[in-house]
Amino acid sequence: MLRTNQTFFDYLEQLYTRQDHKGNIVLKSFEKGDKILTQNEISTKIMLIKTGITKCYFVEENDKEYIVEFLGKGEIIGEIEVIKNVPCLCSIEAITEVTVYSMSIPYFSVAY
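Residue numbering note: each chain is counted from 1, following its sequence as written. At least 70 in pLDDT is required for a residue's local features to be given in this predicted model, at least 80 for side-chain atom pairs to be given and counted, and no such filter applies to totals for whole chains, interfaces and linings, which use all residues. Side-chain figures throughout are based on the complete set of non-hydrogen atoms in the structure, without hydrogens or water.

J.: What exactly am I supposed to notice about the overall build of the chain here?
T.: Under the scheme used here, helices are H or I runs from DSSP no shorter than 4 residues and strands are E runs no shorter than 2 residues, and both carry numbers assigned from the N terminus. Along the chain, the regular secondary structure elements total three helices and nine strands. Listing each helix as α and each strand as β along the chain from the N terminus yields β-α-β-β-β-β-β-β-α-β-β-α. For the chain, the spread of C-alpha atoms along the principal axes amounts to about 50 × 25 × 20 Å. Only protein chains enter the accessibility calculation, which uses a 1.4 Å probe. A residue is then buried if its area is under 20% of the maximum for its type, exposed if over 50%, and partly exposed in between. For the chain, the residues scored as buried account for 38% of the 112 residues in total. A positive count includes Lys and Arg, and a negative count includes Asp and Glu. His and the chain ends are not counted in either. Note on charges: their place is set at NZ of Lys, CZ of Arg, CG of Asp or CD of Glu. Distance between charge centres in the chain, computed from 12 positive and 16 negative side chains, equals 4 Å.

Below you can see the structure in the form of structure tokens.
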């Protein structure tokens, strides 16, 4: 099942077009197979998927990969780690070409 969130997507798209400082939210692109976030690494950005499909998964100590979910348009990634102040719980990989809105952590904290 592919999770999407049109309402949140519409909200962030409005923030993106109205932002005073154009560096607060930027568009980033990823090719199929690129890792957007990596398990156990520190994330410096919070992202919202604009286009494409991603796979959220984790790898156990026995090197087995477990898929948690597939994420699409409007889904936010990296927010749990920022809220809990922990390294990435899962890896996020681009299954198709993916475009995201990328926000700095301080901007995310103020905007939400």
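The rest of the description comes next.
J.: Hey, could you run me through the sheet that holds strand 6 (residues 65-71) in this one?
T.: Pairing between the strands of a sheet comes from backbone hydrogen bonds, and it takes one of two forms, parallel or antiparallel. Here, any two strands with at least 2 DSSP bridges between them count as paired. Reading across from one edge, 1-6-5-8-3 is the order of the five strands in this open sheet, with mixed pairing throughout. Because the sheet does not close on itself, it has two edges, and the strands there are strand 1 (2-3) and strand 3 (35-37).

J.: So what exactly am I meant to see when it comes to the pattern of salt bridges here?
T.: Where charged atoms from two side chains of opposite charge approach closely, those side chains can pair. For this analysis, a salt bridge means a side-chain nitrogen from Lys or Arg found within 4 Å of a carboxyl oxygen belonging to Asp or Glu. One pass over the structure, following the stated rule, counts four salt bridges. Residue Arg-3 is joined to Glu-69 by a salt bridge in which the shortest nitrogen-to-oxygen separation is 2.6 Å. In this pair, Arg-3 sits in strand 1 while Glu-69 sits in strand 6, placing the two residues 66 residues apart along the sequence. A relative accessible area of 21% means that Glu-69 is categorised as partly exposed. Here Lys-50 ties to Glu-13 by a salt bridge, and the two come within 3.8 Å at their closest N and O atoms. Of this pair, Lys-50 sits in strand 4 (residues 45-51) while Glu-13 is found in helix 1 (residues 6-18), placing the two residues 37 residues apart along the sequence. The exposure class of Lys-50 is partly exposed, given its relative accessible area of 23%. Overall, the relative accessible area of 27% leaves Glu-13 in the partly exposed class. Connected through salt bridges with shared partners, the residues Arg-3, Glu-69 and Glu-75 form a single ionic network.

J.: Please clarify how the packing of aromatic side chains should be interpreted in this entry.
T.: Aromatic rings in a pair are described by how distant their centres are and how their planes are angled relative to each other. Here a pair means two rings of Phe, Tyr or Trp (six-membered ring of Trp) with centres within 6.5 Å. Their orientation is stacked below 30 degrees between planes, edge-to-face above 60, and tilted elsewhere. Scanning the model with the defined rule gives four aromatic pairs in all. Ring geometry for Phe-9 versus Tyr-101: centroids 6.2 Å apart, planes at 45°, classification tilted. With Phe-9 in helix 1 and Tyr-101 in strand 9 (residues 98-104), this pair connects stretches of sequence that are 92 residues apart. Accessibility expressed as a relative area gives 4% for Phe-9, which makes it buried.

J.: Which parts of the structure should I look at to understand the sheet that holds strand 7 (residues 76-77)?
T.: What the four strands build is an open sheet, ordered 2-9-4-7; its pairing is antiparallel. Because the sheet does not close on itself, it has two edges, and the strands there are strand 2 (25-30) and strand 7. As paired strands, strand 2 and strand 9 are joined by six bridges and run antiparallel to one another. When the bridges of strand 9 are listed, Lys-28 appears paired with Val-100. Contacts: residue pairs with any heavy atoms within 4.5 Å of one another. Axes, fitted as lines to C-alpha atoms, cover a helix only where it is in contact. Angles between the N-to-C directions of the axes lie from 0 to 180 degrees. Contacts from helix 1 reach strand 2, strand 4, strand 7 and strand 9 within the one sheet, and its direction differs from that of strand 4 by about 110°.

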